[in-house]
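An overview of the molecular structure
Here are the chains, one letter per residue:
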Amino acid sequence: MNVPSRFLKSIGSHAVVDADALIEGAYILSIGDAQQSHVNLSCPDEVFYEYLRRMANVVDLVAPAGVPIRVLHLGAGALTLARYVQALRPGSVQHAVELERVLLDFVLTHLPLPEGTDLTVHIGDARAVAGEFEEATFDVVVLDIFAGSDAPAHLACAEHYGELLRLLSPNGVLLVNVGDDPPLTFARRQAQELLETAGDIAILADAAMFSGRLAGNLVLAGVNGQWPGQWTQSLLEMGPHPADVRTGPDAAAFALA
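Residues numbered from 1 in each chain as written. Predicted model: local features only at pLDDT ≥ 70, side-chain atom pairs only at ≥ 80, totals over all residues. Heavy atoms only, no water.

**Things to note about the packing of aromatic side chains**
If you walk through the whole model with that rule in mind, you get four aromatic pairs. Ring plane angle 80° and centroid distance 5.1 Å describe the contact between Phe133 and Phe138, whose orientation is recorded as edge-to-face. Considered together, Phe133 and Phe138 belong to a single accessibility category, that of buried residues. Above the face of the Phe210 ring, Arg246 is positioned so that its terminal group lies 4.2 Å from the ring centre. (Phe/Tyr/Trp six-rings, centres within 6.5 Å; stacked < 30°, edge-to-face > 60°. Buried < 20%, exposed > 50% of the residue type's maximum accessible area, 1.4 Å probe, protein only. Lys NZ or Arg CZ within 6 Å of the ring centre and 35° of its normal.)

Put into structure tokens, the structure is as follows:
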């Protein structure tokens, strides 16, 4: 079987799309030796990766079910979350920023977006492109670029988070995926950086992640006002389980540990 692949000069690795052997209609995008994204073309409202499922759960709370929203994706990957938004909120206006044009072209060729998706693609540096949008433009901004502590410094800083928070509508939310290894030094620092600029934050992860002894992903959520208390209970119930959502002093304690 011929497996589609494309060499990415900027990082010296191949991007590969493989069919998921266990889920019919699903595909996995890998870059180098690492699985990067999972897409179910048959059911785009199904989100396989745990951290993306937590992000999707927050997106579900931003507006009533089915209501279109405005979303900015910084780091396109296989556009899993963009497909999710289109499936559950048709008519949503979305923008995706990707540094590597070859990667995005490869993804859209082999994993096309659902018909009717209103998504504008921008090629360039995430911070530079985001700076071109007006304030209060988006209901959700997703930053999904970091690959641990080697993240670009100009993206992993309070100044950048402040710029992204200014793009949010009054009830909007900034979602940041942070992958890290024990003792989660980088993740804690990113929570500190977000605390400096956001009105309030929440940290979502598998409950065991907060021990600092496991490698994995945490989702940082920042808002300009106060974190909606009712969201916390909803997110705990939505999972994936075992779920934990740290807010207020608990979030600050994790960040400053």
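**What about the pairing of strand 5 (residues 70-74)?**
Counting buried positions along strand 5 gives four out of five residues, so the element sits mostly inside the fold. When strand 5 meets strand 6 (residues 93-98), the two strands line up parallel, connected through five bridges. Paired with Leu72 across the bridge in strand 6 is His95. The handedness of the strand 5 to strand 6 crossover, carried by helix 2 (residues 80-88), is right-handed. (Helix = DSSP H or I, 4+ residues; strand = E, 2+ residues; numbered from the N terminus. Pairing = 2+ DSSP bridges. Right-handed = clockwise from strand over helix to strand, strands pointing away.)

**Quick notes on unusual backbone geometry**
The step from Gly239 to Pro240 runs through a cis peptide bond, and the omega angle for that step is -5°. Mapped onto the elements of the fold, Pro240 is located in the loop between helix 7 (229-238) and strand 12 (243-247). Of note, Ala136 is a non-glycine position whose phi angle comes to about 55°, a positive value. Position of Ala136 relative to the elements: it lies in the loop between helix 4 (126-130) and strand 8 (138-143). Overall, Ala136 belongs to the partly exposed group, its relative accessible area being 38%. One non-glycine residue with positive phi stands out, namely Leu184, at about 65°. Residue placement: Leu184 occurs in the loop between strand 9 (168-180) and helix 6 (185-197). Among the residues examined, Leu184 registers a relative accessible area of 0% and is labelled buried.

**Overview of helix 6**
Residue pairs three or four apart in sequence face the same way in an α-helix, which turns once every 3.6 residues. Counted at 1.5 Å a residue, the expected span for helix 6 with its 13 residues is 18 Å, and the 19 Å between its end C-alpha atoms agrees. Among all positions of helix 6, only Phe186, Ala187, Arg188, Gln190, Ala191, Glu193 and Leu194 are buried. Each element contacted by the buried residues of helix 6 is listed here: helix 5 (158-165), strand 9, strand 10 (200-206), strand 11 (216-223) and helix 8 (248-256). (Expected span 1.5 Å × (residues − 1). Contact = heavy atoms within 4.5 Å.)

**Examining the pattern of salt bridges**
Pairing between side chains of opposite charge can happen when their charged atoms approach one another. Overall, the coordinates contain five salt bridges when judged by the stated rule. The closest approach of N and O atoms between Asp60 and Arg53, which form a salt bridge, is 3.6 Å. Of the charged contacts, one joins Arg246 and Asp244 as a salt bridge, the two residues approaching to 2.9 Å between their closest N and O atoms. (Salt bridge = Lys/Arg side-chain N within 4 Å of Asp/Glu carboxyl O.)

**A short note on the sheet that holds strand 11**
Spatially, 7-6-5-8-9-11-10-12 is the arrangement adopted by the eight strands of the open sheet, whose pairing is mixed. Strands at the two margins of the open sheet, each flanked by one partner only, are strand 7 (118-123) and strand 12. Across this sheet, the average inter-strand angle for adjacent strands is 15°, counted without regard to direction. As defined by bridge partners, strand 10 adjoins strand 11 across five bridges and the pair is classed as antiparallel. In the sheet register, Ala202 faces strand 11, and the bridge partner there is Ala221. Contacting strand 6 and strand 7, helix 3 (residues 101-110) crosses the sheet at an angle of about 150° to strand 7. Contacts between helix 5 and the sheet are confined to strand 5, strand 8, strand 9 and strand 11, with strand 9 contributing the most and set at about 145° to the helix. (Axes fitted to C-alpha atoms, helices over the stretch in contact; angles between N-to-C directions.)

**Looking at the environment of Gly131**
Secondary-structure assignment places Gly131 in the loop between helix 4 and strand 8. Note on Gly131: relative accessible area 59%, which makes it exposed. Along the primary structure Gly131 and Asp180 are separated by 49 residues, whereas in three dimensions their C-alpha atoms are 27 Å apart.

**Focus on the pairing of strand 8**
Counted residue by residue, strand 8 has six buried out of six residues, so it is predominantly covered. Here four bridges tie strand 5 to strand 8, and the two strands are oriented parallel to one another. Paired with His73 across the strands is Val142, a residue of strand 8. The sheet contact formed by strand 8 and strand 9 spans five bridges and is parallel.

**Points about helix 8**
All of the buried residues in helix 8 are Ala251, Phe254 and Ala255. The arc that holds every buried residue of helix 8, seen down its axis, measures 100°, which confines them to one face. The exposed set on the far side of helix 8, more than 90 degrees from its buried face, consists of Pro249 and Leu256. Elements in contact with the buried residues of helix 8: helix 6, strand 10, strand 11 and strand 12. (Arc of directions from axis to C-beta.)

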